[in-house]
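Summary of the model geometry
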Amino acid sequence: MNETIASPHAHAVVDLDAVAHNTALFTAATKAAVMAVVKADGFGHGAVWVARAALSSGATWLGVTTCAEALHLRASGITAPILSWMHSPLEDFGPALLANVDISVSSREHLSAVADCAARLGVTADVHLKADTGLHRNGARPEEWPGLVRLARDLEIARHVRVRGVWSHLVAEGMTRLQVKLFDEAVAVARGAGLRPEIRHLANSAAALGAPQTHYELVRPGIGLYGVEPDPRHIFGLQGAMTLRARLILVKRVPAGSGVSYEHDYVTDRETTLALVPLGYADGLPWAAARHAEVSIGGRRFPVAGRIAMDQFVVDVGDAGVRIGDEAVVFGPGTGGEPTVADWARWANTVPHEIITGIGPRVARRYVHACARRAEEPEESLRV
Ligand SMILES: *Cc1c(COP(=O)(O)O)cnc(C)c1O
């Protein structure tokens, strides 16, 4: 990771107890094993910290996108099984294979690349064959599947690969029934070719909590681990793991009729107090949220006034007695009345995943957990 220069005025508190609580909710909701999805640096929370919290509270697998992400976890001493699922057949799988990382393959070309690499190194690659059951992104199409599993069986006999898993990824709730059917058919074809995958997996957070017919041997929660309810119609009691805070750096009184921020989208309708929050879209706060967004200061909600800029935005606090140095809570678990990640997603017309993974490198992460219910020193808790 590039060296980053942290803001002196803003930080994100990552509550590892919330991650542990959320992991335990997933393990309680299923008989299947739980793979904690820690791609994109643990959805921006710090992959190693989240992985440790999840593994110590019932998760037994980790899921990441790239081999580089998997190797980062291994380098920190994590020995749990890891699946890495997005690759080009042109990449070098050697380091990942030597680090005991399971590789997902979606085509004969990918499988050959992994097997060639394993053969060169004299190791057996653990692979998970991915079926495309409707997402039409990664995964082998039904007509490609028989060829993929035949090749996999040949490579198993040659001891270059071992097919440990067969898996797929869900599109949307309304398609689950069809995808389960296509997935079962893909598994049957694999078995018919002589493969004996130990692990079938299909479910993301929403399905892990709401669709038990998708659980098989393993579920793969991501967003839920971080405390965002995957289906707002059913509240499972997940706890938001990240709280984004910044200290006010300027407070000023302005007369009625004062336009605020670029283009004066916001004009004060009375004499009021404006407070300056030193976070902006370079830190991941969506420009598109400005018209609806609010923050919490001293336990009260106040509206964002005018456009969110690259590094800062203004809050209209009316006649509240706020001062420089007071803390604005941009989002958090919501238990203190502050906005949540889901609120920001709604205000910006996006998904919570984009908000939570977008919080930028200028925002230092501080970690709290039960044995140290205080923010650790930033030097120790900057992103690992
Ligand atoms: C991101 C991801 C998940 C986790 O999905 P959530 O909706 O965040 O729970 C699971 N599986 C795959 C393949 C993913 O890419």
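For clarity, every value in this text was computed on a predicted model and none was experimentally measured.

1. Observations concerning helix 6 (residues 108-121)
- Compared with an ideal rise of 1.5 Å per residue, which puts 14 residues at 20 Å, helix 6 spans 20 Å between its outermost C-alpha atoms and is within 8% of the ideal.
- For helix 6, every residue scored as buried is listed here: His110, Leu111, Ala113, Val114, Ala115, Cys117 and Ala118.
- Of the surrounding elements, those touching the buried residues of helix 6 are helix 5 (94-98), strand 5 (101-105), strand 6 (125-130), helix 7 (145-157) and strand 7 (161-167).
- If you check the start of helix 6, you find a side-chain oxygen 3.3 Å away from the backbone N of Glu109, and it comes from Ser107.
- Gly122 sits one or two residues past helix 6 and shows a positive phi near 70°.

2. What to know about the pairing of strand 2 (residues 33-37)
- For strand 2, the tally of buried residues reaches four of five residues, placing the bulk of the element in the interior.
- Relative to strand 9 (residues 218-219), strand 2 runs parallel, the two being bridged by two bridges. The residue bridging Ala33 from the neighbouring strand is Leu218, located in strand 9.
- In this structure, strand 2 lies alongside strand 3 (residues 61-64), joined through three bridges in parallel fashion.

3. Points about a nonpolar patch on the surface
- Side chains of Ile249, Leu250 and Ile324 sit close together on the surface and give an oily, nonpolar patch of about 250 Å² of accessible area.
- Secondary-structure assignment places Ile324 in the loop between strand 17 (313-318) and strand 18 (327-331).
- Residue class for Ile324 comes out exposed when judged on its relative accessible area of 56%.

4. Examining the domain arrangement of the protein
- Structurally, the protein comprises domain 1 (31-225) and domain 2 (242-376).
- Of note, the centres of domain 1 and domain 2, computed from C-alpha atoms alone, are 38 Å apart.
- Listed per partner, the contact involves six residues of domain 1 and eight residues of domain 2.
- It is His45, Trp49 and Ile223 in domain 1 that bury the most area against domain 2; as a group they hold 64% of the surface buried on that side.
- Our enumeration of links across domain 1 and domain 2 arrives at zero salt bridges.

Calculation criteria
- Residues numbered from 1 in each chain as written.
- Predicted model: local features only at pLDDT ≥ 70, side-chain atom pairs only at ≥ 80, totals over all residues.
- Heavy atoms only, no water.
- Helix = DSSP H or I, 4+ residues; strand = E, 2+ residues; numbered from the N terminus.
- Expected span 1.5 Å × (residues − 1).
- Buried < 20%, exposed > 50% of the residue type's maximum accessible area, 1.4 Å probe, protein only.
- Contact = heavy atoms within 4.5 Å.
- Polar contact = N/O pair within 3.5 Å; in protein donor to acceptor, adjacent residues only side chain to side chain.
- Pairing = 2+ DSSP bridges.
- Patch = residues over 30% accessible without salt bridge, like charges linked within 9 Å, V, L, I, M, F, W, Y side chains within 5 Å.
- Areas by Shrake-Rupley, 256 points an atom, 1.4 Å probe, with all protein chains shown as cover.
- Salt bridge = Lys/Arg side-chain N within 4 Å of Asp/Glu carboxyl O.
- Domains from an automatic or database assignment.
- Buried area = accessible area lost by both parts, 1.4 Å probe.

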